[in-house]
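# Structural description and commentary
One letter stands for each residue in the lines below.
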Amino acid sequence: MHITVIGSGYVGTTIAACFADLGHDVTAIDIDEEIVETLNDGKSPISEPGLDELLETHAGNRLKATTSYDAVPESDVTFLAIGTPSNDDGSIDLGALEAAAEATGEAVADKDERHLVVIKSTVTPPSIETVLEPAVHRGANENENIEVGMNPEFLREGSAVSDFLSPDKLVFGASSEWGTDRLHTVFEPLLEGHDTNVVETDPQTAAMIKYANNAFLASKISLVNDLGNICKEFDLDAYEVMDAIGLDDRISEQFLRSGVGWGGSCFPKDVNAIIAAAREEDYDPAVLEATVEVNDRQPERMLELLEDHVDLEGSRIAVLGLALPC
Ligand SMILES: NC(=O)c1ccc[n+]([C@@H]2O[C@H](COP(=O)([O-])OP(=O)(O)OC[C@H]3O[C@@H](n4cnc5c(N)ncnc54)[C@H](O)[C@@H]3O)[C@@H](O)[C@H]2O)c1
Ligand SMILES: O=c1ccn([C@@H]2O[C@H](COP(=O)(O)OP(=O)(O)O[C@H]3O[C@H](CO)[C@@H](O)[C@H](O)[C@H]3O)[C@@H](O)[C@H]2O)c(=O)[nH]1
């Protein structure tokens, strides 16, 4: 298959390299010339274990990078992996993604065969119908051969390649059987080697699954931090308590590490975005609001604990593991 991936940032670069490794011909498209040049040199614009090797193997062969959308109509499927950063009120800024969606539509306006445009970016369910589908169809001059689908991404920074190649689930959001089948064909080489769950649904539900996943994990960590703070008040070892509750299959041992609170490029953005989207519908998501509140307070707890052990005034402090490599 020929796949075009629009946006060669964290997600776009990873999926483009992995699709090439799965045997597809891939064209990676980005407006940033430096990124395009780096990719064509077989190097990675981001630091992720395994990515350099994949790019070295496939760049110039099955993987090509360009700033032009010319390859889009020749491809079978287009993935949009454009950033969706936060606005001040927590909602997502769809500006760059909408522009890329419209440009993708323009590129396939005269295409006679059916073409699937898949949103890989994390977006709120209503924005698919109100902003993104209209942008693609507007660009495509209402060409009825163009369909929009959603395939959320669950990779983590630091293990992006292995997460993508060994997912615990794939979510195919399509509005026709043809769209679902096309997504199956894209992921067939990956599914052949793995016993992976495939969820077939509509694009809006697929978008919600992504937010529910991150909101659930962030809430789990906030609850663990809340319980950990209580443990400390009782002079108990929070890690021992969490190790024990993790033995319950219904809870699972993962994401039970208490600490300074959750961060990264997705949890804060995504939890705030789904809260803002719920408020748009006049719904107050009380648990998610508490999830954020506990997280906002947690760094202060760290300082209080430190103050119990050292005199912070004038101390030199080394912070380990503050950020992921990038
Ligand atoms: N980073 C992660 O770990 C992660 C994981 C899962 C999902 N996501 C979601 O995936 C989406 C992409 O995230 P990211 O971290 O890869 O973003 P990013 O900012 O790293 O990359 C976006 C890329 O898109 C390019 N771009 C912008 N406008 C363009 C246009 N019109 N045409 C072509 N290229 C254009 C930019 O130059 C940039 O290289 C977001 O919605 C994010 O929430 C991210
Ligand atoms: O037990 C835990 C596990 C994680 N964290 C923190 O949680 C944040 C997120 O960590 P992690 O999930 O490992 O990294 P991300 O790259 O942010 O990945 C999350 O966000 C991505 C973007 O949406 C999703 O694709 C991934 O599935 C989701 O795990 C970090 O601040 C971690 O320190 C904890 O505090 N305790």
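Residues numbered from 1 in each chain as written. Chains lettered and ligands numbered in written order. Predicted model: local features only at pLDDT ≥ 70, side-chain atom pairs only at ≥ 80, totals over all residues. Heavy atoms only, no water.

### Some details on the site of ligand 1
Close to ligand 1 lie 25 residues, the nearest being Val11, Asp30, Tyr69, Thr84 and Lys269. At a separation of 2.6 Å, an oxygen atom of ligand 1 approaches a polar side-chain atom of Lys269. Taken by itself ligand 1 offers 840 Å² of open surface, and the protein chains cover 82% of this. When its residues are assigned to classes, the shell around ligand 1 shows twelve nonpolar, eight polar and five charged. A domain split of the shell around ligand 1 shows at least three residues from each of domain 1 (2–201) and domain 2 (210–309). (Near = heavy atom within 4 Å. Polar contact = N/O pair within 3.5 Å; in protein donor to acceptor, adjacent residues only side chain to side chain. Areas by Shrake-Rupley, 256 points an atom, 1.4 Å probe, with all protein chains shown as cover. Nonpolar A, V, L, I, M, F, W, Y, C, P; charged D, E, K, R; others polar. Domains from an automatic or database assignment.)

### Some words on the UniProt feature "active site" (unreviewed entry) in the chain
With numbering matched to this structure, UniProt assigns "active site" (unreviewed entry) to Cys266. Mapped onto the elements of the fold, Cys266 is located in the loop between helix H9 (238–245) and helix H10 (267–280). (UniProt positions renumbered as here; feature names shortened; annotations may be inferred. Helix = DSSP H or I, 4+ residues; strand = E, 2+ residues; numbered from the N terminus.)

### Observations concerning the nonpolar core
In terms of nonpolar packing, the biggest core is built from 40 residues, with Ile6, Leu80, Leu97, Ile119 and Val123 touching the most fellow members. Of the residues forming this core, the biggest block, six residues, is contributed by helix H8 (residues 203–233). Viewed by domain, this core spans two of them, domain 1 (2–201) and domain 2 (210–309), each represented by three or more residues. Among all residues touching Val123, those that are not within four sequence positions of it are Thr84, Ile92, Leu94, Leu97, Ile128, Leu132, Met150, Ala207 and Tyr211. In this structure, Leu51, Leu54, Phe187 and Leu190 belong to the second largest nonpolar core, which totals 37 residues. (Core = buried A, V, L, I, M, F, W, Y, C linked by side-chain atoms within 4.5 Å. Buried < 20%, exposed > 50% of the residue type's maximum accessible area, 1.4 Å probe, protein only. Contact = heavy atoms within 4.5 Å.)

### Thoughts on the pattern of salt bridges
Scanning the model with the defined rule gives 13 salt bridges in all. A salt bridge links Arg279 to Asp284, with the shortest nitrogen-to-oxygen separation between them at 4.0 Å. Accessibility expressed as a relative area gives 43% for Arg279, which makes it partly exposed. Glu293 is paired through a salt bridge with Arg297; the nearest N and O atoms lie 3.0 Å apart. (Salt bridge = Lys/Arg side-chain N within 4 Å of Asp/Glu carboxyl O.)

### Let's talk about the packing of H8 against helix H11 (residues 286–309)
Closest axis-to-axis distance for the H8/H11 pair is 9 Å, and the angle between their directions is 40°. Compared by their axis directions, H8 and H11 come out oblique. In terms of crossing hand, the pair formed by H8 and H11 is left-handed. Residues Ala215, Ala218, Ser219, Ser222, Asn225, Asp226, Asn229, Lys232 and Glu233 of H8 pack against Leu288, Thr291, Val294, Asn295, Arg297, Gln298, Arg301 and Leu305 of H11. Residue composition of the contact of H8 with H11, by class: five nonpolar, seven polar and five charged. (Axes fitted to C-alpha atoms, helices over the stretch in contact; angles between N-to-C directions. Parallel < 35°, antiparallel > 145°, perpendicular 65-115°, else oblique. Left-handed = near helix turned anticlockwise from the far one by under 90°.)

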